[in-house]
Amino acid sequence: MAISSELSKDSDLFVPDSRRAWTRLAVAVLIGSLGSVGMWSVVVALPVVQVDFGASRGTASLAFTMLMLGFGSGAVLTGKITDRYGIVTAIGLGIGILGLGYVVAGMSTSIWHFILVHFAIGLSSSATFGPLMAEASHWFDRYRGLAVAVAASGNYIGGAIWPPLVNFGIEQLGWRTTHIALGIFTAVAMTLALIVLRLLMGAGGQRDHENAAPPRVDLRISTNALTAILSLAAIACCVAMSMPQVHIVAYCSDLGYGVARGAEMLSLMLGFGIISRIGSGFLADKIGGIRTLLIGSVAQGTALLFYLFFDGLTSLYVISAMFGLFQGGIVPSYAIIVREAMPASEAATRVGIVIFASVFGMSFGGWVSGAIFDATGSYMAAFANGLAWNALNIGIMLLLLMRARQRLAMA
C-alpha cells in the first residue's frame, strides 16, 4: 500500500493537461518573457551604439548576427542538457550567463567587444525558448499544440514589453547603464521564477519526457531527414522574418520618424505576434503543425509585400501589426511538428537543432539586410530579398505536405 501510494503521488506530477501542468506553463511563460530580453534589446540599441562607436550599419548589425548565432548554438546545447538533466538545470545555467553578458556589454570598449559579447547573451537566452517549448509539450496531450504556442509566446511577450523599456532606459540613463541594469534585474527575477518552477515540478519531474505521450503522427520520414527538411525551411522563413524585426527601428529612423516610433512598431509587431502564436496553437490542435506552418508562411509573405508599397507612418504601424499577427505562429509550429512526429526523449534536442537553423536564418537575414542597405541606401531591396526567401519556405512546406499526403494515401 505504501508503494502504491508513493507511485500515485509521483504520477500526479505527470498527468497531462492537469491544473498543475497549466500552472507550470504560466511560470514557464514568465521565465521566457524575462529571458527574451536578450533577443530584443540589441534591436533598440543598434542605432545608438552605431553612432557611439562610429560604425557602419552593416557592422553594427553584426551584434544581432552574433546574438542569433549564440542563440542557435545554445538551442542545441541547452536542448541536450534538458533531455539529460532537466529544464531547471538548463535555465539555471542560462541565467548566470545572461546576467554576466549584459554587465560586460555595458562595459564594452569597442564595437567589436559589444558584438562578440552578444554571442553569450544569445546563448543564455536560448534556454528560455526551445527547451521550454519541448518541455511544455510533455505536460500536455490534448492541448499540446496550444501549450507549445503559449510557451513560445514568452518570447513575444518580452518583445512587446522590452523594446519601449530599453528605449526609455537608453534615453534616461544611456545604453551602458541600461545594459548593466538589465543584467542585474533579469538575473534576480529569473532566479526567483525558476525556484517556483522547480517546486512545481518536484524531484520526480527532472525529465518529464520519460512519462510523456508517444508521437501521434507517422510521416514515414526518418527522424534525421525530417530534421534536415525542417531546418532548411526554418532558415528560409527566418531570413524573411528578420527584415522587419531587426531593422524596423533603424528603418523608421531613416525615414525621419525617429527611433521611438520604430520601437513602438516593434513592440506592436510582437504584441500581435502573441495573438498569432496562441491562435496557431489552437489551429495546430485541429489541423496539425505542417498545415499551420504553411498558412503562417503564406500570410507572412503577404505582409512583407505590403512593406514594399507603403512607408507612411500610419501605414507602417498597420503593416507591422499585420506582420506580427501573420508570422507569430511560424516558429512554434516547427516544435509542434517535431513533437508530433519524433520521440519525446529527444524532442528538446531536435527542437534545438531546428531552432538553430531558424536563428541562423535570422542572423544571416539581419546581417544581409544591413549589407543591402549599405550597398543601395534603401531597405526596398532588403524587403524584396525577404520575399524571395519566404517563397522558398512556402515551396518546401508544400512539398512536405504533398509527401505526407502521398504516404498517408499509400497507407
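As recorded in an unreviewed UniProt entry, the protein goes by MFS transporter and comes from Bradyrhizobium jicamae.

J.: Run through the overall build of the protein, naming residues and quoting values.
T.: When helices and strands are tallied, the protein shows 16 helices and 0 strands. Over its C-alpha trace the protein gives a radius of gyration of 21 Å, about what one expects of a compact globule, namely 22 Å for 411 residues. Judged by the C-alpha coordinates and their principal axes, the protein covers about 70 × 50 × 30 Å. Expressed as a percentage of contacts within the protein between residues at least 6 apart in sequence, the contacts between residues at least 24 apart total 86%. Accessible surface, the protein as shown: approximately 15500 Å² in total, 68% of it carbon and sulfur. Where the 23 positive side-chain charges of the protein centre and where its 19 negative ones centre are 6 Å apart.

J.: Summarise the confidence of the model for the protein; cite the residues concerned and give the values.
T.: Summarising the model, the protein shows a mean pLDDT of 83, and 91% of its residues fall at 70 or more. Looking across the protein, the model is least confident in helix α1 (residues 2-11), with a mean pLDDT of 39, and most confident in helix α9 (residues 175-201), with 93. A low-confidence stretch, residues 1-13 stays under pLDDT 50, and its non-local contacts, those more than four residues away or across chains, total 6 contacts. Low pLDDT, under 50, characterises residues 406-411; the predicted model gives this stretch 6 contacts beyond four residues in sequence or across chains.

J.: Outline the environment of Ile184, supporting the account with residue identities and numerical values.
T.: Relative to the assigned elements, Ile184 resides in helix α9. Among the residues examined, Ile184 registers a relative accessible area of 52% and is labelled exposed. For the pair formed by Ile184 and Gly99, sequence separation is 85 residues and the distance between their alpha carbons is 5.9 Å.

J.: Now, about the packing of aromatic side chains: what can you tell me, with residues and values included?
T.: With the rule as written, the count across this model stands at 14 aromatic pairs. With 5.6 Å between their ring centres and 70° between their planes, Tyr251 and Phe383 make a pair best called edge-to-face. Taken as a pair, Tyr251 in helix α10 (residues 223-255) and Phe383 in helix α16 (residues 380-410) lie far apart in primary sequence, 132 residues in all. With respect to burial, Tyr251 and Phe383 carry one shared label: buried. For the ring pair Tyr307 and Phe383, a centre distance of 4.8 Å and an interplane angle of 5° mean the geometry is stacked.

Conventions adopted
Residues numbered from 1 in each chain as written. Predicted model: local features only at pLDDT ≥ 70, side-chain atom pairs only at ≥ 80, totals over all residues. Heavy atoms only, no water. Helix = DSSP H or I, 4+ residues; strand = E, 2+ residues; numbered from the N terminus. Rg over C-alpha atoms; globule rule 2.2 N^0.38 Å. Contact = heavy atoms within 4.5 Å. Areas by Shrake-Rupley, 256 points an atom, 1.4 Å probe, with all protein chains shown as cover. Lys, Arg positive; Asp, Glu negative; His and termini not counted. Charge placed at Lys NZ, Arg CZ, Asp CG, Glu CD. pLDDT = per-residue confidence, 0-100. Buried < 20%, exposed > 50% of the residue type's maximum accessible area, 1.4 Å probe, protein only. Phe/Tyr/Trp six-rings, centres within 6.5 Å; stacked < 30°, edge-to-face > 60°.

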